[in-house]
Structures are given as structure tokens and as C-alpha cells.
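# Summary of the model geometry
Chain by chain, the residues run as shown.
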Amino acid sequence: TRCTTSDTTATGADCRCDTSSTTNDCTADKFCWVDRTCNNAAKQVTRCTTSDTTATGADCLCDKRMGGSTDLDRNDPDYCAEDEFCWSDYTCHRHVYAFTRCTTSDTTATGADC
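Residues numbered from 1 in each chain as written. Predicted model: local features only at pLDDT ≥ 70, side-chain atom pairs only at ≥ 80, totals over all residues. Heavy atoms only, no water.

On to the overall build of the protein, then. When helices and strands are tallied, the protein shows zero helices and six strands. Starting at the N terminus and ending at the C terminus, the protein contains elements arranged as β-β-β-β-β-β. Expressed as a percentage of the 114 residues in the protein, the buried residues total 25%. In the protein, once contacts between residues fewer than 6 apart in sequence are set aside, the share between residues at least 24 apart is 33%. Total accessible area on the protein is roughly 7600 Å²; 46% of this is exposed by carbon and sulfur atoms. (Helix = DSSP H or I, 4+ residues; strand = E, 2+ residues; numbered from the N terminus. Buried < 20%, exposed > 50% of the residue type's maximum accessible area, 1.4 Å probe, protein only. Contact = heavy atoms within 4.5 Å. Areas by Shrake-Rupley, 256 points an atom, 1.4 Å probe, with all protein chains shown as cover.)

Have a look at this one:
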């Protein structure tokens, strides 16, 4: 039987975690992480350090609430990979936050997004 993946919940039954395995490689008391590796303990979930210009450096959750799921699921909108950026507004992006400061004026339009 193929394991249900979770970084925080034990499998509950012997199962196949590794996609290439032909036998149950993960026992009921172990954890089949979302990366399909069988482990003895739950994965430690960390919150990203926010930065508009520096990549996270490690898989993390870019969520100021740290509520809801604690699995590092790559399909989770709050998931940030090690080479992504957790912007200061707690959104994860694949690129540096590029912005232009507006020139202030009471009479002239900016002429560009800023």
C-alpha cells in the first residue's frame, strides 16, 4: 500500500513511502515526508525569515500566522523553497522584490507604477 505523505503525522500502517519501492519500506510508527522519504520523526517546520532581497536559504512556511497545516507541502501557497523569497508582506515569490520609489508631486502624475 502506498503511504499517505505527511511531514507531521505518522503513517499509522506499514506502507510504501519511496515511489520506487516494491515492499512496505515505512512502518506504522514512522513518517513518510512529502518528499517521499521515510523518517523516524516528524519534520521540523520553520517559519521563513522575511526579506524582499534575500532567498530563504531553506524550505519554510512564509506565513505570519503559522496556523493550519504544518506540512511543508510544495503545493501550499505559503510554502517557500530554499531559493525563493518570502517578501515582507508574507508572500512567497521566485524573484527579488523589484520596486521603484515614486517621485512625489502635487501636480504631476508618476507616469509609472511605483
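Let us now look at the state of the cysteines. Using the criterion set out here, one finds six disulfides in the structure. Through a disulfide, Cys17 is tied to Cys32; the S-S separation comes to 2.0 Å. In this structure the cystine formed by Cys17 and Cys32 twists about its S-S bond by roughly 90°; its chirality is therefore right-handed. One end of the pair, Cys17, is in the segment before β1 (31-32); the other, Cys32, is in strand β1, and 15 residues separate them in sequence. With relative accessibility at 0%, the residue Cys17 sits in the buried group. Judged by its relative accessible area of 0%, Cys32 is buried. (Disulfide = S-S within 2.5 Å.)

A separate point is the side chain of Ser51. Here Ser51 is to be found in the loop between β2 (38-39) and β3 (60-61). A distance of 3.2 Å separates a polar side-chain atom of Ser51 from the backbone nitrogen of Thr53. Apart from the residues lying within four places of it in its own chain, the contact partners of Ser51 are Phe85, Cys86 and Trp87. (Polar contact = N/O pair within 3.5 Å; in protein donor to acceptor, adjacent residues only side chain to side chain.)

As a further point, take the pattern of salt bridges. Should the charged atoms of two oppositely charged side chains come close, the side chains can pair. Under the counting rule described, the total for this entry stands at one salt bridge. Put simply, Arg94 and Glu84 hold a salt bridge, and the shortest N to O gap is 3.8 Å. On the criterion of sequence distance, the pair formed by Arg94 in the segment after β6 (92-93) and Glu84 in the loop between β4 (79-80) and β5 (85-86) is long-range, its members being ten residues apart. Look at Arg94 and you get exposed, because its relative accessible area is 71%. Glu84 sits in the buried class, given a relative accessible area of 11%. (Salt bridge = Lys/Arg side-chain N within 4 Å of Asp/Glu carboxyl O.)

A distance of 2.8 Å separates a polar side-chain atom of Glu84 from the backbone nitrogen of Ala81. Beyond its immediate stretch of four places on either side in the chain, Glu84 contacts Ala55, Thr56, Tyr79, Cys92, His93 and Arg94.

Within soluble globular proteins, side chains that are nonpolar generally end up buried alongside one another. If you look at the biggest cluster of nonpolar residues, it comprises six residues: Cys48, Cys60, Cys62, Cys80, Cys86 and Cys92. If you look at the next biggest cluster of nonpolar residues, it comprises five residues, including Cys15, Cys17, Cys26 and Cys32. (Core = buried A, V, L, I, M, F, W, Y, C linked by side-chain atoms within 4.5 Å.)

Now for the environment of Ala13. The residue Ala13 is located in the segment before β1 in this model. Every residue in contact with Ala13, bar those within four places of it in the chain, is listed here: Cys26, Thr27 and Ala28.

Any functional reading would require information that these geometric values do not contain.
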